[in-house]
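Secondary and tertiary structure notes
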Amino acid sequence: MVKIHEQGVYDMLNRIPVAFFAVDMTWKFTYTNTEATRLLFRSQEDLVGKCLWDEFPQALHLVFYDLYLLAMREQVTIEFNAYFPPLGTWFDVKAYPSPHGLSVYFQDITEKKRASIQKDQHYKSLFTNNPDAVFSLDLDGNYLSVNPAGEQLIGYREDELRQMSFISLITSGYLDMPLRSFTEATRGGSQHYETKIIHKNGHIIDVKVTNMPIIVNQEVVGVYVVARDISKENKNEKKLFETEKLTAVGQLAASIAHEIRNPLTSLKGFLQLIQTIMPEVKKEYFEIMMDELARIDMISSELLILAKPQANELRYGNVGKIINDVALQLRSQALINKVEIKTFNLESLPQIQCIGAQVKQVFINLIKNAIEAMPGGGAIRVVGKQSNLNLIMIQVIDEGCGIPKAFLNQIGNPFYTTKEKGTGLGMMVTQKIIHAHGGNMDISSVEGKGTTIDIYLPVVPPLL
Ligand code: ADP
Ligand code: MG
């Protein structure tokens, strides 16, 4: 029978919003309050007098059993959070031992737990799905974890990396800054720097790195290293520098060419005059001189095409028509060389914004080269394609001598020529014009078989 003063305690326990039950030394329920019956979905009559482990056998294999046993045996208070799958509930549990058994207070914290798990996943996602490589290290500089982007960047899996230390990935000679920054991070500071790391297969990667402390309970427990591959950026930067250099040189050359023109005209004029008043001088001397002057003239006119491109205005132009004009213009030269120029699909090309005279020059240069590559005759095919809505593509395909692989990267370098009377400026000018129009040029060539030049031009170029 329940005594009166016990009844008072039980009434009070029934009113509190915390679940409570008591078991005796043999794990039999002696009491459950209202909240406990609600959370366990069992009535008081159902439970009192029954053994805890008979009623909730699943708990035997969970921490509940071990910890209750511990509390009872060692007579210590135990607090823990645990998930109870049969009820789908997270419980926050406090178990207080007494000489007669165990009093257990518990609360349903499923909602709170779910929110915190979600929050954890939220943060974890920043790690897992980060396109930058993220590594975590302990305070001794040993790797603890790495995200998928990190595994990809350095080629080691997380389990391999865990056997390694921070510095083993860094190229010797570049250790100073990473080490200093690591120490700084262990003191709570963060830093950015650039360094070179070694991929598992040996190649070196330029990376931009941020080191920052991992702080838990206001204490630095490790270091996060976030790294981004900048090898490509560096290459692009180099390329940009090269084009800028070329622009400067090109413009200088063009202005010199311009200055050469006038004196050249008077030289030619006086040479002709001298020839008429000095008939005793060998005719071939004059011929050589006129030839050389013509060559200077040609070089300067090719360079002049580069001059002041910004003075030109972008207009919508019909590239197909421009190419047909060029084909017509070069027809006699082609005929002499037994070369046929065929065009395909040019009518379908949309109009593009361009400087017509420059685009014309591009195709003069390309088709001339193609003719010159076929001393025994052949066919040149010029094929128009719309690559996508914003880009057109034109292929110039010849059946000429081709370009040896070793020289492919020389094409476009100023004054690179394999021709006796060549200037080696045509391809440079071509490339410059295409790039200035925001386009691109690809050369593929098979020695002895022919060359294909792909030209890509945007329909609307970025501002020149
Ligand atoms: P040039 O025509 O005055 O030699 P270019 O700049 O136009 O100067 O061309 C440079 C070099 O590239 C040529 O001398 C030639 O060796 C090579 N070349 C260019 N186009 C072709 C082509 N269609 N087929 C074979 N070689 C080519
Ligand atoms: Mg040429």
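Because the structure is a prediction, the values reported are computed rather than measured. (Residues numbered from 1 in each chain as written. Chains lettered and ligands numbered in written order. Predicted model: local features only at pLDDT ≥ 70, side-chain atom pairs only at ≥ 80, totals over all residues. Heavy atoms only, no water.)

So, a nonpolar patch on the surface
Taken together, the side chains of Phe-270, Leu-273, Ile-274, Ile-277 and Met-278 present a nonpolar region at the surface, about 470 Å² in accessible area. Mapping Met-278 onto the fold places it in the loop between helix 10 (231–277) and helix 11 (283–304). We classify Met-278 as partly exposed; its relative accessible area is 33%. (Patch = residues over 30% accessible without salt bridge, like charges linked within 9 Å, V, L, I, M, F, W, Y side chains within 5 Å. Areas by Shrake-Rupley, 256 points an atom, 1.4 Å probe, with all protein chains shown as cover. Salt bridge = Lys/Arg side-chain N within 4 Å of Asp/Glu carboxyl O. Helix = DSSP H or I, 4+ residues; strand = E, 2+ residues; numbered from the N terminus. Buried < 20%, exposed > 50% of the residue type's maximum accessible area, 1.4 Å probe, protein only.)

Quick word on the domain arrangement of the protein chain
One can read the domain layout of the protein chain as domain 1 (2–112), domain 2 (130–229), domain 3 (234–307) and domain 4 (315–458). A straight line from the C-alpha centre of domain 1 to that of domain 2 covers 48 Å. (Domains from an automatic or database assignment.)

Some remarks on the pattern of salt bridges
Summed over all chains, the structure comprises 16 salt bridges. Salt-bridge contacts for Arg-261 lead to Asp-297; the nearest nitrogen and oxygen are separated by 3.5 Å. In this pair, Arg-261 is assigned in helix 10 and Asp-297 in helix 11, connecting sequence segments 36 residues apart.

Describing the sheet that holds strand 16 (residues 440–446)
Spatial strand order, 12-14-15-17-16: five strands in an open sheet with mixed pairing. Looking along the sheet, the strands with just one partner apiece sit at the ends: strand 12 (339–344) and strand 16. Each adjacent strand pair in this sheet contributes to an overall mean axis angle of 15°, direction not counted. Pairing analysis gives six bridges linking strand 12 to strand 14 (residues 378–388), with the strands arranged parallel. Following the sheet pairing, Glu-340 is matched in strand 14 by Ala-379. Lying over the sheet, helix 12 (residues 319–329) contacts strand 12, strand 14 and strand 15 (391–397), oriented at roughly 20° with respect to strand 15. The strands touched by helix 14 (residues 356–372) within the sheet are strand 12, strand 14, strand 15 and strand 17 (450–458), with strand 14 carrying the most contacts at an inclination of about 145°. (Pairing = 2+ DSSP bridges. Axes fitted to C-alpha atoms, helices over the stretch in contact; angles between N-to-C directions. Contact = heavy atoms within 4.5 Å.)

Things to note about the sheet that holds strand 5 (residues 101–108)
Sheets are built from strands that pair by backbone hydrogen bonding, the pairs being arranged parallel or antiparallel. Spatially, 2-1-5-4-3 is the arrangement adopted by the five strands of the open sheet, whose pairing is antiparallel. In this open sheet, the two edge strands, each paired with only one partner strand, are strand 2 (29–32) and strand 3 (78–84). Strand-to-strand twist in this sheet, taken as the mean axis angle between neighbours without regard to direction, amounts to 25°. Examined bridge by bridge, strand 3 and strand 4 (residues 89–98) share seven bridges and lie antiparallel to one another. If you follow Ile-78 over to strand 4, its bridge partner there is Ala-95. Packed onto the sheet, helix 5 (residues 63–74) meets strand 1 (19–24), strand 3, strand 4 and strand 5 and runs at close to 160° relative to strand 3.

Comments concerning the site of ligand 1
Ligand 1 sits among 20 residues. The nearest are Asp-398, Thr-417, Thr-418, Lys-419 and Met-427. Thr-451 places a polar side-chain atom, nitrogen or oxygen, 3.4 Å from a nitrogen atom of ligand 1. Within the complex, 93% of the 540 Å² of free accessible area of ligand 1 lies under protein. Every element with two or more residues in the shell around ligand 1 is listed here: helix 14 and helix 15 (426–436). (Near = heavy atom within 4 Å. Polar contact = N/O pair within 3.5 Å; in protein donor to acceptor, adjacent residues only side chain to side chain.)

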